[in-house]
Amino acid sequence: MRFSILTLFPDQVRNFLSESITGRAIKQGLIELDTINIRDFAENDYGKIDDTLYGGMTGLLIQCEPVYQAWKSTFGKDGDRPYTVYVSPKGKVLDQNRVMDLSKKDHICIICGHYEGIDDRVISEICDEEISIGDYVLTGGEIASVVIVDSVSRMVEGVLPSEDAYTNESHMSGTLEAPQYTKPPVWHEKEVPEVLKSGPMANIEEYYRIASLVETWQKRPDMLDKLTISAEDWEKMLAFKKSL
Ligand code: ADE
């Protein structure tokens, strides 16, 4: 899978993604990361790619043509255009379902704005969708692009050690992951639940299933509204909550 990031700060994007799991995936060739500096496509010798806004508003806006040329430079050898995303606080907020859909694309180009953003004419001409990573405003789109590359990459086959590494996780099945524990069995008088130490496996699985529902109930009750929970499971959840 290939990512092309159009940005004024390519090092910021590359530095983050070249570490840890994404860094290993890049080295192994499971994902390809191109960072393209929009400034390299300035129409002048001094690298100026922005200008003042029409309408008397303050600030500077990135111009259409450098973005357009930078975007065209990402096309495949056969002229294939990438699936193109503009990251902005005006976009649809990213969630795990969107991440999974994006992980099916072969080539994604992410355009990062800065200053007051980018001239709307080029965005509406070349972007397939606009994505926000949350209802707050960042200084630029770079962090948002890193969030997308990171979350999408870990869905790409081979990036994580096994499918199990992500199928039981929070948001994958509409619930949050159950709390997990490692050694020692007792810490600050807090004990690891007996069933997790002794099994059998079927009981452990049932424990995790109910623990995951209770975790969601406690931390993200809004997510439970989208699930159909049987009366029997509600009883188990209540009993579990009482036992905490
Ligand atoms: N750029 C600035 N704020 C953003 C946000 N919340 N999401 C995506 N891109 C952004």
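Rules used in this analysis
Residues numbered from 1 in each chain as written. Predicted model: local features only at pLDDT ≥ 70, side-chain atom pairs only at ≥ 80, totals over all residues. Heavy atoms only, no water. Core = buried A, V, L, I, M, F, W, Y, C linked by side-chain atoms within 4.5 Å. Buried < 20%, exposed > 50% of the residue type's maximum accessible area, 1.4 Å probe, protein only. Helix = DSSP H or I, 4+ residues; strand = E, 2+ residues; numbered from the N terminus. Contact = heavy atoms within 4.5 Å. Near = heavy atom within 4 Å. Polar contact = N/O pair within 3.5 Å; in protein donor to acceptor, adjacent residues only side chain to side chain. Areas by Shrake-Rupley, 256 points an atom, 1.4 Å probe, with all protein chains shown as cover. Nonpolar A, V, L, I, M, F, W, Y, C, P; charged D, E, K, R; others polar. Arc of directions from axis to C-beta. Salt bridge = Lys/Arg side-chain N within 4 Å of Asp/Glu carboxyl O. Axes fitted to C-alpha atoms, helices over the stretch in contact; angles between N-to-C directions. Parallel < 35°, antiparallel > 145°, perpendicular 65-115°, else oblique.

This paragraph deals with the nonpolar core. Burial of nonpolar side chains together is a common tendency in soluble globular proteins. In this structure, Phe3, Ile5, Val85, Val87, Leu102, Ile110 and Ile148 are the most contacted members of the largest nonpolar core, which totals 26 residues. At the level of elements, β1 (2-7), α1 (10-17), β5 (83-93), α4 (96-102), β6 (107-112) and α6 (142-153) are the ones that each hand at least two residues to this core. Top element by residues in this core is α6. It accounts for 5 residues. If we skip the residues at most four places from it in the chain, Val87 touches Ile110, Ile111, Cys112, Ile131, Gly141, Ala144, Ser145 and Ile148. Counting residues in each nonpolar core, the second largest holds 19 residues, with Ile49, Ile62, Trp71 and Val122 among its members.

Taken together, Val87, Ser88, Pro89, Ile131, Ser132, Ile133, Gly134, Tyr136, Val137, Leu138, Gly140 and Ala144 make up all the residues around the ligand. Backbone polar atom of Ile133 to a nitrogen atom of the ligand: 3.0 Å apart, as the coordinates give it. The backbone of Leu138 places a nitrogen or oxygen atom 3.0 Å from a nitrogen atom of the ligand. Here the ligand, which alone exposes 260 Å², has 95% of that area covered by the protein. When contributions to the shell around the ligand are tallied by element, the ones reaching two or more residues are β5 and β7 (129-132). Here the shell around the ligand gets 3 residues from one element, more than from any other, and that element is β5. Along the lines of polarity and charge, the residues of the shell around the ligand split into 8 nonpolar, 4 polar and no charged.

A few words now on the environment of Thr182. Turning to its location among the elements, Thr182 is positioned in the loop between α7 (164-167) and β8 (186-187). Taking the C-alpha atoms as reference points, Thr182 and Tyr68, 114 residues apart in sequence, are found 51 Å from one another.

This paragraph deals with α1. Of the residues making up α1, those classed as buried are Pro10, Val13 and Leu17. Down the axis, α1 shows its buried residues gathered within 75° of arc, on one side only. Projecting away from the buried face of α1 at angles above 90 degrees are the exposed residues Asp11, Asn15 and Phe16. Structurally, α1 contributes buried residues whose contacts are with β1, α2 (20-27), β2 (32-37) and α6.

The next thing to look at is the pattern of salt bridges. Between side chains of opposite charge, pairing is possible as soon as their charged atoms come close. Summed over all chains, the structure comprises 15 salt bridges. Residues participating in the shared-partner salt-bridge network are Glu206, Arg209, Glu232, Asp233 and Lys236.

Positionally, Thr7 belongs in strand β1. Side-chain polar atoms of Thr7 contact the backbone nitrogen of Phe9, separated by 2.7 Å. Those residues in contact with Thr7, other than ones at most four positions away along the chain, are Val13, Ile36, Asn37, Ile38, Cys112 and Glu142.

Before going further, it helps to examine the packing of helix α9 (residues 201-219) against helix α11 (residues 231-242). The contact between α9 and α11 brings their axes to 9 Å, and the two run at 80°. Classified by the angle between their axes, α9 and α11 sit roughly perpendicular to one another. Residue-level inspection shows Glu206, Tyr207, Arg209, Ile210, Ala211, Leu213, Val214, Trp217 and Gln218 of α9 in contact with α11, the latter providing Asp233, Trp234, Lys236, Met237, Leu238, Phe240 and Lys241. Partitioning the contact of α9 with α11 into residue classes produces 10 nonpolar, 1 polar and 5 charged.

These results come straight from atomic positions and should not be treated as a statement about function.
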